[in-house]
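# Report on the structure
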Amino acid sequence: MIIGLDEALAFAENKNIGLAAINTPFFEGLLATIEATERVGVPVILQFAQVHEPIVSIEDMGPAMVELAKRSEAPFVLHIDHGADIDYIRTGLDIGFNSAMIDGSTHDYDTNVAMTREVVEMATERGIKVEGEIGVMTGNENGDPSQGVADSTLYTDPEVAAEFVRATGVDCLAASFGTVHGVYRQKPELDYALIAELRRATGVPIVMHGGSGLSKQEYHECIRHGVRKINYYTYLAKAAYDAVLPLVDDPGIILFSDLAVAARTGALSNAAEFIETCAAV
Ligand SMILES: [Zn+2]
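So, here's what we can say about the structure. (Residues numbered from 1 in each chain as written. Predicted model: local features only at pLDDT ≥ 70, side-chain atom pairs only at ≥ 80, totals over all residues. Heavy atoms only, no water.)

### A closer look at the pairing of strand β8 (residues 227-232)
Heads up, the condition is: Using a 1.4 Å probe on the protein chains alone, a residue whose accessible area is under 20% of its type maximum counts as buried, one over 50% counts as exposed, and one in between counts as partly exposed. Only DSSP runs of H or I covering at least 4 residues are called helices, and only runs of E covering at least 2 are called strands; the numbering of each starts at the N terminus. A pair of strands counts as paired when DSSP detects no fewer than two bridges linking them. Orient the strands so they point away from the viewer; a crossover is then right-handed if the path from the first strand over the helix to the second runs clockwise.
Along β8, 6 of the 6 residues are buried, which leaves the element largely enclosed by surrounding structure. Alignment of strand β1 (residues 19-23) against β8, held across 4 bridges, turns out to be parallel. Bridged to Ala20 within β8 is Ile230. Examined bridge by bridge, strand β7 (residues 206-208) and β8 share 3 bridges and lie parallel to one another. Looking across to β8, one finds that Ile206 is bridged to Val227. A crossover connection joins β7 to the parallel β8 through helix α8 (residues 216-224); in handedness this β-α-β unit is right-handed.

### Quick look at the side chain of Ser99
Where we set the bar: Whether two residues touch is decided by their heavy atoms; if any such pair falls within 4.5 Å, the residues are in contact.
As for its placement among the helices and strands, Ser99 is situated in strand β4 (residues 99-102). In this structure Ser99 comes out as buried when scored by relative accessible area, which is 0%. What Ser99 contacts, discounting residues up to four positions off in sequence, is Leu5, Val77, Leu78, His79, Ile80, Leu93, Ile128 and Lys129.

### Looking at the packing of helix α3 (residues 58-71) against helix α4 (residues 86-95)
Keep this limit in mind: Axis definition: a line fitted to C-alpha atoms, limited for helices to the stretch in contact. Angles are taken between N-to-C directions and run from 0 to 180 degrees. Reported orientations rely on four angle classes, namely roughly parallel under 35 degrees, roughly antiparallel over 145, roughly perpendicular from 65 to 115, and oblique for the rest. Two helices cross in a left-handed way if the nearer one is turned anticlockwise from the farther one by less than a right angle. They cross in a right-handed way if the turn is clockwise. In this classification, the charged set is Asp, Glu, Lys and Arg, the nonpolar set is Ala, Val, Leu, Ile, Met, Phe, Trp, Tyr, Cys and Pro, and all remaining amino acids, among them Gly, are polar.
At their nearest, the axes of α3 and α4 sit 9 Å apart, and the two run at 40° to each other. One finds that α3 runs oblique with respect to α4. Judged by the twist between their axes, the crossing of α3 over α4 is right-handed. Taking contact as the criterion, the partners of Ile58, Glu59, Gly62, Pro63 and Val66 in α3 are, on α4, Tyr88, Thr91, Gly92 and Ile95. Among the residues making up the contact of α3 with α4, the classes are represented as 5 nonpolar, 3 polar and 1 charged.

### Here we look at helix α9 (residues 234-244)
Those residues of α9 that fall on the buried side of the exposure criterion are Thr234, Leu236, Ala239, Ala240 and Val244. Buried residues along α9 sit in contact with β1, α2 (27-40), β8 and α10 (256-279).

### Remarks on the pairing of β4
By the alternation rule, side chains of β4 split into Ser99 and Met101 and Ala100 and Ile102, which are all buried. Here strand β3 (residues 76-83) pairs with β4 via 3 bridges, running parallel. The residue bridging His79 from the neighbouring strand is Ser99, located in β4. In the sheet, β4 pairs with strand β5 (residues 129-134) via 3 bridges, with the strands oriented parallel. For Ser99, the partnering residue across the bridge sits in β5 and is Lys129.

### Section: a nonpolar patch on the surface
This is how it is decided: To count toward a patch, a residue needs a relative accessible area over 30% and no salt bridge; like charges are then connected within 9 Å, while nonpolar side chains (Val, Leu, Ile, Met, Phe, Trp, Tyr) are connected within 5 Å. Only the protein chains shown count as cover for residues, and all accessible areas are computed by the Shrake-Rupley method using a 1.4 Å probe. Here a salt bridge means any side-chain nitrogen of Lys or Arg lying within 4 Å of a carboxyl oxygen belonging to Asp or Glu.
Taken together, the side chains of Tyr241, Leu245 and Val248 define a hydrophobic patch exposed on the protein surface, amounting to about 300 Å² of accessible area. With respect to the helices and strands, the residue Leu245 is situated in the loop between α9 and α10.

### Observations concerning the packing of α2 against α10
Direction vectors running N to C along α2 and α10 enclose 40°, while the axes themselves pass 8 Å from each other. The pairing of α2 with α10 is recorded here as oblique in orientation. In terms of crossing hand, the pair formed by α2 and α10 is right-handed. Every residue of α10 that contacts α2 at Glu28, Gly29, Leu31, Ala32, Thr33, Glu35, Ala36, Thr37, Arg39 and Val40 is listed here: Ala260, Ala263, Arg264, Ala267, Leu268, Ala271, Ala272, Ile275 and Glu276. Looking at the contact of α2 with α10 residue by residue, the classes come out as 11 nonpolar, 3 polar and 5 charged.

### Considerations on the environment of Glu218
Structurally, the position occupied by Glu218 is in helix α8. Take Glu218: its relative accessible area is 10%, and that puts it in the buried class. In contact with Glu218, not counting residues within four places along its chain, are Lys187, Pro188, Leu190 and Tyr192.

### Here we look at the packing of aromatic side chains
Basically, it comes down to this: Pairing of aromatic rings covers Phe, Tyr and the six-membered ring of Trp, with a centre-to-centre limit of 6.5 Å; geometry is then stacked below 30 degrees between planes, edge-to-face above 60, and tilted otherwise.
One pass over the structure, following the stated rule, counts 3 aromatic pairs. The interplanar angle of 10° and the centroid separation of 3.8 Å between the aromatic rings of Tyr232 and Phe274 together place this pair among those described as stacked. Of this pair, Tyr232 sits in strand β8 while Phe274 is found in helix α10, placing the two residues 42 residues apart along the sequence. Classification of Tyr232 by relative accessible area gives buried; the value is 6%.

So, in structure tokens, the structure goes:
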């Protein structure tokens, strides 16, 4: 079933847990995430990031995500991740997504506010909740391994974040406090006090991007300090890859579909473990 982002966030707030927000730009990952959610029994945010367009388009993958979520008895939010412009977000909402992130964080503050407000206005007309972002996180959702190091001079300033939330009306906020997108090149130094300060100053749930590759303890500390939505992709996709690898040189396997089944199995255990970790704080 499909539920609103507000309902999912309220559930997480009540139980003091985090919501797994999983990007599924490949079908095996989507099937695995649906099944993992049904097993664990908490709401999960299914996401499609604009940066994944080269893998598959939202027009092709989106309807499958919406349909499988509707058909399942488990609760899902359908979220457009890192929308770079309002047209892309409109496309996603027309497909049936019911939650969106507008990422204006690479623009200057005023442009970010203007872009984000425009999306909030459009989304509000449709009863849709919006995530905004302020502060810079390096790397990207393609698991770009070129950087993988957080830069503390780019961490989000709580006062600026509070002003941003007031000016835009976003319902939750992605902020920079030590995580990076993709694969970590060195152990991340998470600033838990900053998370708590951001949560207090903005009054909205904090979203963690670059959620792959942290320890269970680190996830739990982040959740305890105010993170409610944790974006996840790289390690799910890597688990699918790792499951396929031993089969590639097996002369008995000649069909891609056999690799797809292995990928799904690998992704399933990874997704289930991640969802459980977020839900068992
Ligand atoms: Zn992100």
